[in-house]
Amino acid sequence: MTLHAAVGGSGSPVVLLHGFPQTHLMWRHVAADLAADHTVICPDLRGYGESDKPAATDRSVYSKRTMAADVVALARALGHDRFALAGHDRGALVAVRAGLDHPDVVTHLAALDVLPTLDMWEVMRGTSAAIGFHLYLMAQPPGLPEQLIGASPDAFFGHFLDVWTRDPDTIPADVRDAYLAASRAAVPSIVADYRASAGVDVEHDVADRAAGTRLRMPVTVLQQDWGAALGFDAAARWRAWAPDLRHTTVTCGHFMAEEAPAEVVKALRALLDR
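We now turn to the structure provided with this report. (Residues numbered from 1 in each chain as written. Predicted model: local features only at pLDDT ≥ 70, side-chain atom pairs only at ≥ 80, totals over all residues. Heavy atoms only, no water.)

With that settled, the discussion passes to the sheet that holds strand S2 (residues 12–17). Backbone-to-backbone hydrogen bonds pair the strands of a sheet. The strands run either parallel or antiparallel. The strand order across the open sheet formed by seven strands is S1-S3-S2-S4-S5-S6-S7, and the pairing between neighbours is mixed. Each edge of the open sheet carries a strand with a single partner, namely strand S1 (5–8) and strand S7 (245–249). Averaged over all neighbouring strand pairs, the angle between strand axes comes to 15 degrees, with direction disregarded. Relative to S7, strand S6 (residues 219–223) runs parallel, the two being bridged by five bridges. Residue Thr 220 lies in a different strand from S7, and its bridge partner there is Arg 246. Along the sheet, helix H3 (residues 90–101) contacts S2, strand S4 (83–88) and strand S5 (106–112); its crossing angle with S4, the most-contacted strand, is approximately 145 degrees. Along the sheet, helix H14 (residues 261–272) makes contact with S2, strand S3 (38–43), S4, S5, S6 and S7, crossing S5 at roughly 155 degrees. (Pairing = 2+ DSSP bridges. Helix = DSSP H or I, 4+ residues; strand = E, 2+ residues; numbered from the N terminus. Axes fitted to C-alpha atoms, helices over the stretch in contact; angles between N-to-C directions. Contact = heavy atoms within 4.5 Å.)

In structure tokens:
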């Protein structure tokens, strides 16, 4: 299993994990700033971008547990036994699982615009949950989701790049094209990633909740005001997993590392100082 990664800078290591439907390119502004005094590692997740896309021969292949182990192995191969970790969207779910499974490896953790997997499913209900239609589509058994998305991948993936961005100019045409090309080439693995989050990932979260497993490191969460829209207390949901939490509601769109990179950098630097 090989992950493609961009690496730059020097100093204490920070790993940045991208979201959907993107690649490591989403961190281009944030990474350039952090690289002034950190070693910054930006991989494409398993199944995305230029990283390997193994067939989902069993449900563990795209579990967040497996994807988190990929990230730990990558950092170790680059000479880092401990590192700070930040993730956006899908990458944030991988980051949370890494923090739960590898608490002696992940020193600081940031999650951008998600809830933990189990909580996400618990708050999605009623007509307001239609905003997450893709979660339900890709949760279906293998076959139909891949066929439907594969029939018009640019329309499907481009929809999210359009509706989740408040300032479309923050994703320029060449970057948008790169995201679409990467996603078009990865439909089965992207669906498998989402399918895992409706199955095995939930089981892992349920087991951790029952065991009282929590994130032991300092945690920062930046999030749109989903709670107001869907009727839940986002900070309380996160605090149940992360006792040492700083939770901030942002006013930018979902792709905050591109729309508000200075705000993201400020939050990450404050996290690294804790």
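Within helix H6 (residues 144–151), the full set of buried residues consists of Pro 145, Glu 146 and Ile 149. Buried residues of H6 fall within an arc of 95 degrees about the axis and therefore sit on the same side. More than 90 degrees from the buried face of H6, the exposed residues found are Gln 147 and Ala 151. Elements in contact with the buried residues of H6: helix H5 (133–137), helix H7 (153–163) and helix H9 (187–197). (Buried < 20%, exposed > 50% of the residue type's maximum accessible area, 1.4 Å probe, protein only. Arc of directions from axis to C-beta.)

Where H7 is concerned, the buried positions are Pro 153, Phe 156, Phe 157, Gly 158, Phe 160 and Leu 161. On the buried face of H7, the contacting elements are H5, H6, helix H8 (173–184) and H9.

A few words on the pairing of S3. Most of S3 sits inside the fold, with six of its six residues counted as buried. Where burial is concerned, the two faces of S3 agree: the one with His 38, Val 40 and Cys 42 and the one with Thr 39, Ile 41 and Pro 43 are both buried. Here S2 runs beside S3; their pairing, made up of four bridges, is parallel. Looking across to S3, one finds that Val 15 is bridged to Ile 41. Following the backbone out of S2, through helix H1 (residues 28–34) and into the adjacent parallel S3, one traces a crossover that is right-handed. (Right-handed = clockwise from strand over helix to strand, strands pointing away.)

For soluble globular proteins, the rule of thumb is that nonpolar side chains tend to be buried together. By size, the foremost hydrophobic cluster in this structure holds 89 residues, and its most contacted members are Leu 16, Phe 20, Trp 27, Val 30, Phe 83 and Leu 85. When residues of this core are assigned to their parent elements, the largest contribution, seven residues, is made by H3. The residues contacting Trp 27, other than those within four sequence positions of it, are Leu 16, Leu 17, His 18, Ala 32, Cys 42, Ala 86, Gly 87, His 88, Leu 112, Ala 257 and Val 264. (Core = buried A, V, L, I, M, F, W, Y, C linked by side-chain atoms within 4.5 Å.)

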